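Here's the letter readout for the chains.
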Amino acid sequence: MIRKTLGVLLLLSAIAGKTQVLYPDSYLVDYNKLLELQNDSLRKRIMVNTANVSPNEYDRTPEWNAWGDHYQIYTGGESRFSVLPVISSFGFNSKYPRSYNDGPVWRGKGMNADINFGFRGHFGMLHYTFAPVVYYAQNKDYPRPNGAASEFSYPYSSKIDWVQQYGPEAVTRFHMGQSDLRLIYKKLTLGVSTQNVVLGPSQVNPIIMSNNAAMFPHIDFGTDTPIETVIGDFEFRSYWGIMNESDYFDDNDRNNQRYFQGGGAYYRPSFLPGLSVGATRIHYRDWKIQKFALSDVFLSFADFSSNKDSLSSGSVVNDVYDQMVAINLKWTFEEVGFETYLEFAKNDFSNIRALATEPEHSRAYTIGFIKVFDLGDNKAVKATYEHTTLGQTRLIKLRFSPPYYLHHLAPQGYTEGGQLLGAGIGPGSNGDILMVNYYFPQGMYGMSLQRIRFNDDYAFAAFDPNGDRPFDVEYTATLKALRFVNDFTVGAELSLSNRLNWQYIKDNDVKNLYFRFVLGYQLANLAKQ
């Protein structure tokens, strides 16, 4: 039996072509961005960032690819079947859960482990990816207030399904991860997927759609790669899906699911090289709150009014839905290896007059830049800085501004399975991060410094403005390293977090040590042995 299994693997490996899936929170995501910045000729997507590298993106070999065969490119014409690298990690959180931008994976207090594997390929226009993840979390208990909705939910609001601990016992789960089935015809694509999607230019804290949670099951339609015209390149993608409640929010089986419709449209003008602009808009609501109409299918393209009629009127009004919209801007200067970007978001309906007089109402933004230093000999340094603000402004004293990712008619908020679909720092928070990574043919070394001040919206509302206001703030320093050893990838990450006034308790300071070991194996390279 073992010999037969090994023989099948060898056969599959022998026919395996170049392939890649950008698993959330992996070394591949940042390197793929570097690859785009270092290669002028690649057909770069504009702002629709999926876990799958499209076969249409790399119709030629990149001129610059420091990692060579260790970062293999999927070109659909080469192979009908490709085995994905097996990537596993083993980690540890010493004091409290710390889990950001890792897709379906949950990393609680104690030991954590996960493994990504699978295959992908195509039959003509039909492309398939099976890339699930299996993860384990020791999920040890830690001191925390009981949640506002349940014992394990977020303690500072009952209007969000943001799980702080997945029950009292260890967790082992299987998720379809970065799997999808799609048709690709020239520049267009139609897919059924659980694959993570990042919309917009933000690298760490995308406000509208990020890698922070598992992506809900969805159908999508749009461009596979940008449509090229005389005036520039156009890209769009729309999504329809079902968002799911966790097991740790409430006991009401009638509100376990929410309907989602949204997407983005982006433009790269030919007359302003390097500039990309666009907009992202999403809606979600309780699945059973009222009957569906045809207009619910096309919400992102219509209903820009600010009507606030009540549900009791019986009419379909926009307040049934929570919506978020973002204006996106990215400007890349390839000749000097520099990119700057902005995501400016709103999460409440406004008319033109309100936008003109109160533009700061319900605003949030992420702003950042990337600088690449090409050192020659396939070596480069990539530096990224990003700032995000999700907190309410002073206008809250005059006009109600709903916190991000919360909504009164969809009490689970903007979450999937208990985790945030937007910026991982959470509602009302603000943060900064600086990351510097050095890449060379044998691997990479990196460091980062991060500051997060959690949920100012809660802090300003809960504490006496004339007294102490113990902001909950975390500072984190991280070191990471990655090396290629034959067909193996070996990596390590070490983070030390200093949490000040944890849980808004003055002088309640806690230090969390996080360690992660990564081991990858390029199964397709068995054919070379």
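Student: Account for the layout of surface pockets, naming residues and giving values.
Tutor: Taken as a whole, the largest pocket holds about 490 Å³ of empty space. For the largest pocket, the lining is made up of 23 residues, of which Asp40, Leu42, Lys44, Arg268 and Glu334 are closest to its centre. It is helix H2 (residues 27–38) that contributes the most residues to the lining of the largest pocket, three residues altogether. Of the residues assigned to the lining of the largest pocket, the class counts are four nonpolar, five polar and 14 charged.

Student: How would you explain the nonpolar core if you had to name every residue and give the values?
Tutor: Counting residues in each nonpolar core, the largest one holds 42 residues, and the members touching the most others are Ile207, Ile208, Met209, Phe260, Tyr405 and Tyr414. Those elements giving two or more residues to this core turn out to be strand S11 (197–199), strand S14 (232–244), strand S15 (257–269), strand S16 (275–286) and strand S17 (322–333). Non-local contacts of isoleucine 208, meaning those with residues more than four positions away in its chain, are made with Thr280, Ile282, Met324, Val325, Ala326, Glu343, Ala345, Tyr414, Leu421 and Gly422. Core analysis: the next-biggest nonpolar cluster, separate from the first, contains 27 residues, Val21, Tyr27, Leu37 and Ile370 among them.

Student: Any chance you could break down the side chain of aspartate 457 for me, citing the residues and the numbers?
Tutor: Looking at the secondary structure, you find aspartate 457 in helix H4 (residues 456–462). Within the buried core, aspartate 457 has no salt-bridge partner, and the shortest N-O distance to an opposite charge, that of arginine 363, equals 7.9 Å. Within the structure, aspartate 457 has its side chain in polar contact with the backbone nitrogen of glutamine 392 (distance 2.8 Å). Beyond its immediate sequence surroundings of up to four residues, aspartate 457 is in contact with Leu390, Gly391, Gln392, Pro403 and Gly428.

Student: Provide a residue-level description of the packing of aromatic side chains, including the pertinent values.
Tutor: Tallying each qualifying case throughout the model produces 38 aromatic pairs. An angle of 25 degrees between the planes, with centres 5.3 Å apart, marks the rings of phenylalanine 81 and phenylalanine 119 as stacked. Here phenylalanine 119 lies in strand S5 (residues 119–123) and phenylalanine 81 lies in strand S2 (residues 81–83), a separation of 38 residues in the sequence. Exposure remark for phenylalanine 81: the relative accessible area of 18% places this residue in the buried category. A residue is classified by how much of its surface remains accessible, and phenylalanine 119, at 31% relative accessible area, is partly exposed. Ring geometry for phenylalanine 123 and tyrosine 128: centres 5.7 Å apart, planes at 25 degrees, overall stacked. Take phenylalanine 123: its relative accessible area is 54%, and that puts it in the exposed class. The structure contains a cluster of three or more aromatic residues connected by ring pairs, namely Tyr27, Tyr31, Trp64, Trp67, Tyr71, Tyr439 and Phe484. Positioned above the aromatic ring of phenylalanine 373, the side-chain terminus of lysine 371 is 5.2 Å from the ring centre. The ring centre of phenylalanine 471 lies 4.2 Å from the NZ or CZ of arginine 453, which sits over that ring.

Student: Go over the pattern of salt bridges, please, and point to the residues and values.
Tutor: Per the counting criterion, the structure on display carries 20 salt bridges. Among the ionic pairs, arginine 107 bridges to aspartate 25, the shortest N-O distance being 2.6 Å. Placement of arginine 107 in the loop between strand S3 (86–93) and strand S4 (110–116) and of aspartate 25 in the loop between helix H1 (2–14) and H2 is noted, with a sequence separation of 82 residues between them. Classification of arginine 107 as buried rests on a relative accessible area of 6%. On the basis of relative accessibility, which here comes to 28%, the residue aspartate 25 falls in the partly exposed class. Here arginine 453 makes a salt bridge to aspartate 456, at a shortest N to O gap of 2.8 Å. Assessed through its relative accessible area of 25%, arginine 453 is described here as partly exposed. A relative accessible area of 6% places aspartate 456 in the buried class. Salt bridges sharing partners connect three or more residues here, namely Asp25, Asp102, Arg107, Asp114, Glu493 and Arg516.

Each value, and the rule that gives it
Residues numbered from 1 in each chain as written. Predicted model: local features only at pLDDT ≥ 70, side-chain atom pairs only at ≥ 80, totals over all residues. Heavy atoms only, no water. 1 Å grid on protein atoms, 1.4 Å probe; cavity = no way out; pocket = protein on both sides within 12 Å on 5 of 7 lines; lining within 4 Å. Points joined across faces, edges and corners; volume = space filled by probe spheres on them. Helix = DSSP H or I, 4+ residues; strand = E, 2+ residues; numbered from the N terminus. Nonpolar A, V, L, I, M, F, W, Y, C, P; charged D, E, K, R; others polar. Core = buried A, V, L, I, M, F, W, Y, C linked by side-chain atoms within 4.5 Å. Buried < 20%, exposed > 50% of the residue type's maximum accessible area, 1.4 Å probe, protein only. Contact = heavy atoms within 4.5 Å. Lys, Arg positive; Asp, Glu negative; His and termini not counted. Salt bridge = Lys/Arg side-chain N within 4 Å of Asp/Glu carboxyl O. Polar contact = N/O pair within 3.5 Å; in protein donor to acceptor, adjacent residues only side chain to side chain. Phe/Tyr/Trp six-rings, centres within 6.5 Å; stacked < 30°, edge-to-face > 60°. Lys NZ or Arg CZ within 6 Å of the ring centre and 35° of its normal.

Keep in mind that these numbers describe shape and distance, not what the molecule does.
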